Structures are given as structure tokens and as C-alpha cells.
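Chain by chain, the residues:
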Amino acid sequence: MSIEFPSEAWKDYEIVDSGNFEKLERFGNFYLARPEPKAIWNKTMSEHEWNRLIHTRFRTGAGFGKAGKEDSGTWEKLKKMDEQWFIRYHSEQGLQFKMRLGLTSFKHVGLFPEQAPNWEYIYRQTRDLCQNAMEKGLPRPKILNLFAYTGGASLAARAAGADVTHLDSVRQVITWARENMEASRMDGIRWVLEDAMKFARREAKRGNRYQGIILDPPAYGHGPDGEKWKLDECLFDILRHVSDILEPENSFMVLNLYSNGYSSLLGETVVKEAFQLREVDPSLYEIETGELCLKDRCGKALPLSIFVRLKR
């Protein structure tokens, strides 16, 4: 198991401090304070130091603590700032793109910065697949991003040269992701407004396959036609469908999980069972597991999600 952090080469983002169930982050030129249930320790900086920096602070609403509404609330503006703004992602590997940020009523800003190591992995694997395809005169690899949100992983795969399908169940989020693609001076991403389970099942029936599949499912959610998603009940099933549409060779899969109580070992086990890897020669695949974390200026590590990466 590995512990991974965003690269220090990314200058448009940093976590400044964390503690007392909050985190203080800088996105570009703006400092945001947001609730963070995993920051159970004390803040290192004083409240005065926080307030001196903060442009806006998220205040939780009446729905806080209820299933599916843990993040609802409002932003309290403390300094003048833009309603929407762009930041640039850049790393030593050469991956670059832009993301439009904004203040939503669910605490999110359109970017999960701890995902940067996954973006780098997707970029490297996709770049290798594209190079191999070019050398053999094959079509460009196809990458499928399920539960794709505003598209950081889609941009990473597209920047590497793949044909990318970006799927989400929320129309406004797909529009947001398209803005990010255009701001990054990219094109050609295929946009799909659909329930992830339905799409994966249909692709399996059609015999369509992908060289890379990315999943970042929520704990709870709904499809565009009201389909219900509950991670505990649906994760294994969707992974079984994913196993049917992922190419058996020269392919990769990335699973990211935020749900509290899920460990990297649990993630590894559910992937192995869904892909029936106990029946496969271990030399034919690689599995990486670990945690994605942020480290603040004071050196405190904040774990936020677990990942499982399968390479064949």
C-alpha cells in the first residue's frame, strides 16, 4: 500500500492548515476554509492567522449530518473574490490543463486536489498505450471515465492522446467539464449523460471494450432518470460489468473511493473478486492500492480517499 500526495510542482493549489474539523486551502489566489470531518486534530495556526487569509468560509446548513446531505450549506464571504475562476494544473511529467472553479452549495469547488496522483497515473498509462498503438499502427486507445464529475481524469487521458468518453448523470456537471476541456485547449471528448450502471451494462451487451476505465463513485447518487445509486449495494455489480468491457490485455482500471469505512484492502478484495483474479496467473496483472492524501504547510497528512489500480 502506498501513500500519495499531489506534486509540489503544482503551484496553483496548496493546503495551508487543517484541524478542528476544517481545512484551509489556497486555490489560485483565493483562500477557502471548508469543513473536513477527517481533520480531528487541532489547528496549528491560530484562528487569527486563518481569518487573516480566508476569502470565504463554508458554513454547514440544517441538513448537515443527514444521509446524502452532509455537505449542504452556504459560503460566508469575508473578502472580495470572484464567483468563478480558473486554476492551472501542472506537473513534472508534463501534464497540463485548466479547471474552472466555483462555489457550490455542497462545499465542493469543482476540483478534488488529492486526485492529482491518479491524474498522473492515468496520464502515464494512457501515454504508454498511445505510444504502443502508434508503433503498431493501431487505433488510439479508448478510455472511459465513469462518475466523471468536472473531468480532471478525462483531461489527463485526453492530454495523453486517447479517445475519451466522459460519463456523468448531471447535465450541469457535464457542461462544466466541457468548459474545462475548452479552457485547456483540448477537444474531441465524447460526453454521455447517463446512469453509469446502465451504460456499463449496455456496453457489455454490445461487445464494446476500453483500454482504460476510471471509476470515482459517490456513496449515494441518482441517475438522470432517477436511478438510485448506493455504493455498498452497487459497487461489486458495476465492477463486474467493468470487467466485461475492459480489454484483457494492455489495459488499466482506476477505482477511487471516498466512503468512510472503506479501506484499500477492501478495495483490493472487491476488485479481485469482480475481475475473478484469483483464477488468473498473478504474473499477468499488477494491482496497486493506497491512500490519496494532502499535506499542509505544517506537515500534517490528511487522508481523503483510497484507490485501487489494476494494470493488465
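Notes on the structure in this doc start here. (Residues numbered from 1 in each chain as written. Predicted model: local features only at pLDDT ≥ 70, side-chain atom pairs only at ≥ 80, totals over all residues. Heavy atoms only, no water.)

**A short note on the pairing of strand E3 (residues 22-27)**
When you tally the buried positions in E3, you get six out of six residues, the bulk of the element. Residues Glu22, Leu24 and Arg26 line one face of E3 and the alternating positions Lys23, Glu25 and Phe27 line the opposite face, and both faces are buried. Both strand E2 (residues 13-19) and E3 contribute to a ladder of six bridges, which runs antiparallel. Looking at E3, one finds that Ser18 is bridged to Lys23. From the end of E2 to the start of E3, which pair antiparallel, there are two residues, and Asn20 there has a positive phi angle of about 55°. Relative to strand E4 (residues 30-35), E3 is paired through six bridges, and the arrangement is antiparallel. (Buried < 20%, exposed > 50% of the residue type's maximum accessible area, 1.4 Å probe, protein only. Helix = DSSP H or I, 4+ residues; strand = E, 2+ residues; numbered from the N terminus. Pairing = 2+ DSSP bridges.)

**A word on the pattern of salt bridges**
The final tally for this structure, using the stated rule, is 23 salt bridges. With a shortest N-O distance of 2.7 Å, Asp17 and Lys300 are connected by a salt bridge. Placement of Asp17 in strand E2 and of Lys300 in the loop between strand E16 (286-295) and strand E17 (301-311) is noted, with a sequence separation of 283 residues between them. Per residue, the accessibility class of Asp17 equals that of Lys300, and both read buried. Among the ionic pairs, Arg206 bridges to Glu203, the shortest N-O distance being 3.6 Å. Here Arg206 pairs with Glu203, and both are found in helix H5 (residues 196-206), just three residues apart, close to one helical turn. According to the relative accessible area criterion, Arg206 is exposed, its value standing at 53%. Residue classification places Glu203 among the buried positions, given a relative accessible area of 2%. Residues joined by salt bridges that share partners form a network here, namely Glu22, Lys43, Glu47 and Arg57. (Salt bridge = Lys/Arg side-chain N within 4 Å of Asp/Glu carboxyl O.)

**Brief notes about the nonpolar core**
Core analysis: the largest hydrophobic core is formed by 47 residues, its most contacted members being Phe27, Leu32, Trp85 and Trp119. Residue contributions to this core peak at seven residues, all from helix H2 (residues 116-136). Setting aside chain neighbours within four positions, we find Phe27 in contact with Asp12, Tyr13, Leu32, Arg34, Trp85, Ile87, Leu101, Val109, Leu111 and Pro113. Leu246, Met253, Ile306 and Val308 belong to the second largest nonpolar core, which has 34 residues in total. (Core = buried A, V, L, I, M, F, W, Y, C linked by side-chain atoms within 4.5 Å. Contact = heavy atoms within 4.5 Å.)

**Overview of the side chain of Thr150**
Considering the arrangement of structural elements, one finds Thr150 in the loop between strand E9 (142-146) and helix H3 (152-159). Taking relative accessible area as the criterion, Thr150 reaches 1% and is therefore assigned buried. At 2.7 Å, the side chain of Thr150 forms a polar contact with the backbone oxygen of Gly110. Beyond its immediate stretch of four places on either side in the chain, Thr150 contacts Met99, Gly110, His166, Val173, Trp176, Ala177 and Asn180. (Polar contact = N/O pair within 3.5 Å; in protein donor to acceptor, adjacent residues only side chain to side chain.)

**A look at the packing of H2 against H3**
For the pair H2 and H3, the least separation of the axes is 8 Å and the interaxial angle reads 25°. Between H2 and H3, the angle is such that the two are roughly parallel. The interaxial crossing formed by H2 with H3 has right-handed handedness. Mapping the contact onto sequence places Trp119, Ile122, Tyr123 and Thr126 in H2 and Gly152, Ala153, Ala156, Ala157 and Ala159 in H3. (Axes fitted to C-alpha atoms, helices over the stretch in contact; angles between N-to-C directions. Parallel < 35°, antiparallel > 145°, perpendicular 65-115°, else oblique. Left-handed = near helix turned anticlockwise from the far one by under 90°.)

Read these as layout, nothing more, since geometry by itself doesn't imply function.
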